[in-house]
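Architecture and fold: a report
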Amino acid sequence: MPTKTSKPGEAAIEVLSVASEVYPLIKTGGLADVVGALPGALRRLNVNMRVLVPGYRQVIAKIAKPVVLKEMASLFGGPARLLDATVSGLDLIVVDAPHLYDRDGSIYASPSGADWTDNWKRFGAFSQVAGQIGRGLIDGYSPAIIHAHDWQAGLVPAYLRFGPPTKVKSVMTVHNLAFQGQFPREIFGELQLPAAANSVDGVEYYGAVGYLKAGLQCADAITTVSPTYASEIRTPEFGMGLEGLLNSRTSDVYGILNGIDLEAWDPGTDTALVEPYRISTVRRRAANKRAVRERFGLEHSDAPLFGVVSRLTWQKGIDILANVLDRLVGMGAQLCVLGSGDGGIEDAIANAAGRHPGRIGIVRGYDEQLSHMIQGGADAILIPSRFEPCGLTQLIGLRYGCVPVVTRTGGLADTVVDANEAALSMGAATGVQISPLNENTLTEALRRAIALYRDEAVWAHIQRRGMKSDVGWDQSARKYVALYEKLMGRAVSNGD
Ligand code: ADP
Ligand code: GLC
């Protein structure tokens, strides 16, 4: 796609980003990182992005001095307020609706782990507010674009489409097609959408109501978070039933790669590391490796250390990894795992750690600091995903000289160059790819990574090449700007 930065004097583009998570306020995965990083990356390109986020208890607790923008007598069964707040440089609009968001438990599920039964209402209301803001609910604010993320904001394009005409354009970004937000047809009457929206052109999806489906159907443009995933989701294997719809909109689908925040993820200044380092001082990682081993109870030896920082789920292929851990140890390697998720998968890794004390360690849970330590100390980051829309941990790994070992799928395929002979001889290799993913190919990839690690000069080259990779937001931010301009009918200049 052609890209451009705005001309001097041209008015800034006003964009409202609508998402259920935003770092550093509330995060369960990469969605939050992306939503938190985009406004800063776009600001440099003359785009003002405000972020609309639900006022979960965790969010309200972190906003100081909110200004009330709007009082609403009733939002899906209770009073609500829109609050204006700035946190970590982010310009937020928070939907403060205690009956929907002020709860114990996680943002999507009750303390027992079951999805909140009224999630349809929590995110339906959220999306309706976004649509109303597009139609002037907040005095003096009129975004040109509303950029909705994932199923929780999936109804936003539907609220814009099925209502009084508006010039506001909508972008629907898919971070993960596996989560679609499907609810029984009976809820339709509560959504305050016109009857016409209850059709295949709107929210109707196989007799039910599909939030992500509605977004994909009604948005002016669809983006997903890597070019390869943008192609994959048009196939039955990855399309999760939505491939037909996506194929009917091919010319509106864009794959725009995620980046990472290069300041938040900088091994040269990272305070979570025992020993910060740069490309020229990459050997200093040894001190971080020692620290990681101590934290995970692993032996100090010349073994390569693989790390995992992940949701421990089927998507991430961690069950397959769990089945090859005896082989990993048999090849002389070590593994440290940070994460939580599927109980059975967590237990399988914990059992392997029990069988191989000093060789495999697991810390269950979510730990931001420790995730930095692993990236700064492990030799390789292991990401054997079954599918991966983009993936951020391999980008962090590249930047930290923690060589990514990844499945050749989605964003992993787009960002990691396999150390095959050709790539090695050209000096282009940055990691190891597994394809297709199964226990044998994963074992083979581990064997290859270990052999590369044993050749110090080659490994150092792969590490340094990765550290030089462009994993920031600049290029992709330009692509978003070009898309916004195209939707607004502004001239878009050439130059990728
Ligand atoms: P996904 O969003 O599918 O979980 P991504 O790779 O896009 O995967 O993003 C995951 C983000 O969450 C990264 O920032 C990663 O560092 C972080 N993360 C995942 N698991 C943990 C954990 N257990 N502790 C700390 N950070 C984690
Ligand atoms: C989703 C995907 C992940 C992607 C992230 C941010 O959680 O699983 O691949 O990096 O969203 O876009």
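Keep in mind that what you see is a predicted model, and the values were worked out from it rather than measured.

We now examine the overall build of the protein chain. Helix and strand content of the protein chain: 20 helices and 18 strands. Whereas a compact globule of 496 residues would reach a radius of gyration of roughly 23 Å, the protein chain reaches 23 Å, a difference of no more than 12%. Each principal axis of the C-alpha distribution contributes one length, and for the protein chain these read about 65 × 55 × 45 Å. Split into buried and exposed, the 496 residues of the protein chain put 58% on the buried side. On the protein chain, roughly 19,300 Å² of surface is accessible, and the fraction owed to carbon and sulfur atoms is 51%. Across the protein chain, the 49 positively charged side chains and the 51 negatively charged ones have centroids separated by 3 Å.

Every one of the 13 residues lining ligand 2 counts as a neighbour, but His 175, Asn 258, Glu 388, Cys 390 and Gly 391 are closest to it. Glu 388 places a side-chain nitrogen or oxygen 2.5 Å from an oxygen atom of ligand 2. With respect to ligand 2, the backbone of Gly 391 contributes an N or O atom lying 2.7 Å from an oxygen atom. Protein contacts shield 92% of the accessible area of ligand 2, which totals 310 Å² for the unbound molecule.

Glancing now at the packing of aromatic side chains. On inspection of all chains with the given rule, the structure shows eleven aromatic pairs. Measuring from ring centre to ring centre gives 6.1 Å for Tyr 108 and Phe 123, while their planes differ by 50 degrees; the resulting arrangement is tilted. Of this pair, Tyr 108 sits in the loop between helix H3 (98-101) and helix H4 (119-134) while Phe 123 sits in helix H4, placing them 15 residues apart in sequence. With a relative accessible area of 17%, Tyr 108 lands in the buried category. The buried category is assigned to Phe 123, whose relative accessible area is 0%.

Rules behind the numbers
Residues numbered from 1 in each chain as written. Chains lettered and ligands numbered in written order. Predicted model: local features only at pLDDT ≥ 70, side-chain atom pairs only at ≥ 80, totals over all residues. Heavy atoms only, no water. Helix = DSSP H or I, 4+ residues; strand = E, 2+ residues; numbered from the N terminus. Rg over C-alpha atoms; globule rule 2.2 N^0.38 Å. Buried < 20%, exposed > 50% of the residue type's maximum accessible area, 1.4 Å probe, protein only. Areas by Shrake-Rupley, 256 points an atom, 1.4 Å probe, with all protein chains shown as cover. Lys, Arg positive; Asp, Glu negative; His and termini not counted. Charge placed at Lys NZ, Arg CZ, Asp CG, Glu CD. Near = heavy atom within 4 Å. Polar contact = N/O pair within 3.5 Å; in protein donor to acceptor, adjacent residues only side chain to side chain. Phe/Tyr/Trp six-rings, centres within 6.5 Å; stacked < 30°, edge-to-face > 60°.

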